[in-house]
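# Secondary and tertiary structure notes
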Amino acid sequence: MKKRFLTIAMALFMVLGLAACSSDTPASSDDPASTGTTSANAEKPLVWFNRQPSNSSTGELDMAALSFNDDTYYVGFDANQGAELQGQMIREYIEANIDDLDRNGDGVIGYVLAIGDIGHNDSIARTRGVRSALGTGVEANGEINSDPVGINTDGSSTIVQDGTLEINGTTYTVRELASQEMKNSSGATWDAATAGNTIGTWTASFGDQIDIVASNNDGMGMAIFNAWSKDNGVPTFGYDANSDAVAAIAEGYGGTISQHADVQAYLTLRVLRNALDGVDIDTGIGTADDAGNVLTSDVYKYDEASRSYYALNVAVTAENYKDFLDSTVTYAPVSNQLDAEAHPTKNVWLNIYNSSDNFLSSTYQPLLQKYDDLLNLNVEYIGGDGQTESNITNRLGNPDQYDAFAINMVKTDNAASYTSILSQ
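Residues numbered from 1 in each chain as written. Predicted model: local features only at pLDDT ≥ 70, side-chain atom pairs only at ≥ 80, totals over all residues. Heavy atoms only, no water.

## Regarding the packing of aromatic side chains
All told, the structure shown has 12 aromatic pairs when counted by the stated rule. Between Tyr-73 and Tyr-309, the aromatic rings sit 6.2 Å apart at their centres with planes inclined by 50°, giving tilted as the arrangement. With Tyr-73 in strand β2 (residues 72-77) and Tyr-309 in strand β13 (residues 308-311), the pair connects residues that are 236 residues apart, well separated along the chain. Per residue, the accessibility class of Tyr-73 equals that of Tyr-309, and both read buried. Summarising the aromatic geometry, the rings of Phe-359 and Tyr-364 are spaced 5.8 Å apart at their centres and angled 75° between planes, so their arrangement reads as edge-to-face. The exposure class of Phe-359 is buried, given its relative accessible area of 4%. Relative accessible area serves as the criterion here: at 0%, Tyr-364 is assigned to the buried category. Here Arg-51 stacks its cationic end above the ring of Tyr-353, 3.7 Å away from the centre of that ring. Across the ring face of Tyr-73, the terminal group of Arg-307 is positioned such that the distance to the ring centre comes to 4.5 Å. (Phe/Tyr/Trp six-rings, centres within 6.5 Å; stacked < 30°, edge-to-face > 60°. Helix = DSSP H or I, 4+ residues; strand = E, 2+ residues; numbered from the N terminus. Buried < 20%, exposed > 50% of the residue type's maximum accessible area, 1.4 Å probe, protein only. Lys NZ or Arg CZ within 6 Å of the ring centre and 35° of its normal.)

Structure below.
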């Protein structure tokens, strides 16, 4: 009898419990247990920046990552437009300085190319941009081949071809003498130290043939410039408009490309601010916000299909470099402080894939740290090792404590390493 009474009591308890769970009274939306960790973190604003989720072999965008939730966006810069500018800048320099450029007088304008990451869309675009402008590109599958050539001093490579430039009635051959992915023994790409060592190897073999140095970024470009080309009067061209590279233009650095890091950094945090405020995504971007912040169409563009914001690039040369000497100054039209009551402080988790990367650590992060104050965002900055995704993801152990996320991947293929954590 006692056993039967206990059984009935337990049954009644379970029924009452189920009834309570199905009550019309809603659970608190602030309680993670009421929504589940999956929906809570998977629905928070997310911006990918600097490295667009994509297939590193084909370049195809990872739309699953770019549309992870309704408040997911990418912020970067127009890689193809910037790549074309870099190639054009180098070609125009050759045409304007041809009388002093052919160092050994052989009629061949020889250049070497420091390649960043052979699987990175930006690196691929910049390599193609240089080869396209100089006529050295060879098509492969409908696109200019972006593979490194190794050594090509005899012009026999099938990856590139000899180009020609007719200047002042004289036809010059343009040859890519050598190119290499600058990857260190630990696997880190875009490696400045590797670039500095490589130029030593190249110049020991064919230094008198090198008339131009082209680099996929300023970090590698400046390593080469300081190791060799500055002392030998060889113009070196990079990308990113890092402060040291811009200053070096006065000492013979050929030029660089500003990817409007000031606009990129603003957009990286602005799209999160807008999502957190629940306002139109264009607020403070194409439409002025309540503080007067607004961008004009000549400094950015938005591609709705890929949910991507792109800053537009500017060539930095001897003519205008003084305007770019400090790369950490915020962009004036979007430097107005938001009201703290209307836009209360929110917590953001943000990582830099490689804490040693010159552009990201010396230019991008300082800009982010200025904009986070202006936009009332409390940002935790995480620095990676540039080699492994786990070095970063291991520090995203408690996403519940953040309101939004800004992610800079090591490899463009690895978006799922992050979204899987947010979906748990």
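## Focus: the environment of Asp-298
Checked against the element boundaries, Asp-298 lands in the loop between α11 (261-277) and β12 (300-303). Overall, Asp-298 belongs to the exposed group, its relative accessible area being 54%. Here the side chain of Asp-298 touches Thr-296 through a polar contact of 2.4 Å, side chain to side chain. (Polar contact = N/O pair within 3.5 Å; in protein donor to acceptor, adjacent residues only side chain to side chain.)

## Details of the packing of helix α5 (residues 79-96) against helix α7 (residues 121-134)
α7 packs onto α5 with a crossing angle of 35° between their chain directions and a minimal axis gap of 8 Å. Here α5 runs over α7; the crossing is right-handed. Where α5 abuts α7, its residues Ala-79, Asn-80, Ala-83, Gln-86, Gly-87, Gln-88, Ile-90, Arg-91 and Ile-94 lie against Asp-122, Ala-125, Arg-126, Gly-129, Val-130, Ala-133 and Leu-134. Partitioning the contact of α5 with α7 into residue classes produces eight nonpolar, five polar and three charged. (Axes fitted to C-alpha atoms, helices over the stretch in contact; angles between N-to-C directions. Left-handed = near helix turned anticlockwise from the far one by under 90°. Contact = heavy atoms within 4.5 Å. Nonpolar A, V, L, I, M, F, W, Y, C, P; charged D, E, K, R; others polar.)

## Observations concerning the environment of Ala-261
Structurally, Ala-261 is set in helix α11. On the accessibility criterion, Ala-261 (8% relative accessible area) is buried. A C-alpha to C-alpha distance of 8.5 Å links Ala-261 and Phe-77, two positions 184 residues apart in sequence. If we skip the residues at most four places from it in the chain, Ala-261 touches Phe-359, Thr-363 and Leu-367.

## What to know about the nonpolar core
Within the largest apolar cluster, 100 residues are counted, with the highest numbers of intra-cluster contacts made by Trp-48, Ile-94 and Leu-295. With nine residues, the single largest contributor to this core is α11. With near-sequence residues (within four places) excluded, Trp-48 lies in contact with Pro-53, Ala-65, Leu-66, Thr-72, Tyr-73, Tyr-74, Val-75, Ile-407, Met-409, Ala-415, Tyr-418 and Thr-419. If you look at the next biggest cluster of nonpolar residues, it comprises 10 residues, including Met-222, Ala-241, Ala-248 and Ile-249. (Core = buried A, V, L, I, M, F, W, Y, C linked by side-chain atoms within 4.5 Å.)

## Quick notes on unusual backbone geometry
Even without being a glycine, Asn-168 presents a positive backbone phi close to 55°. Mapping Asn-168 onto the fold places it in the loop between β7 (163-167) and β8 (170-181). Positive phi outside glycine occurs at Trp-190, with the angle close to 55°. Relative to the helices and strands, Trp-190 resides in the loop between β8 and α8 (192-206). Residue classification places Trp-190 among the buried residues on the basis of a relative accessible area of 10%.

Note that all results are geometric; they support no functional claim without further evidence.
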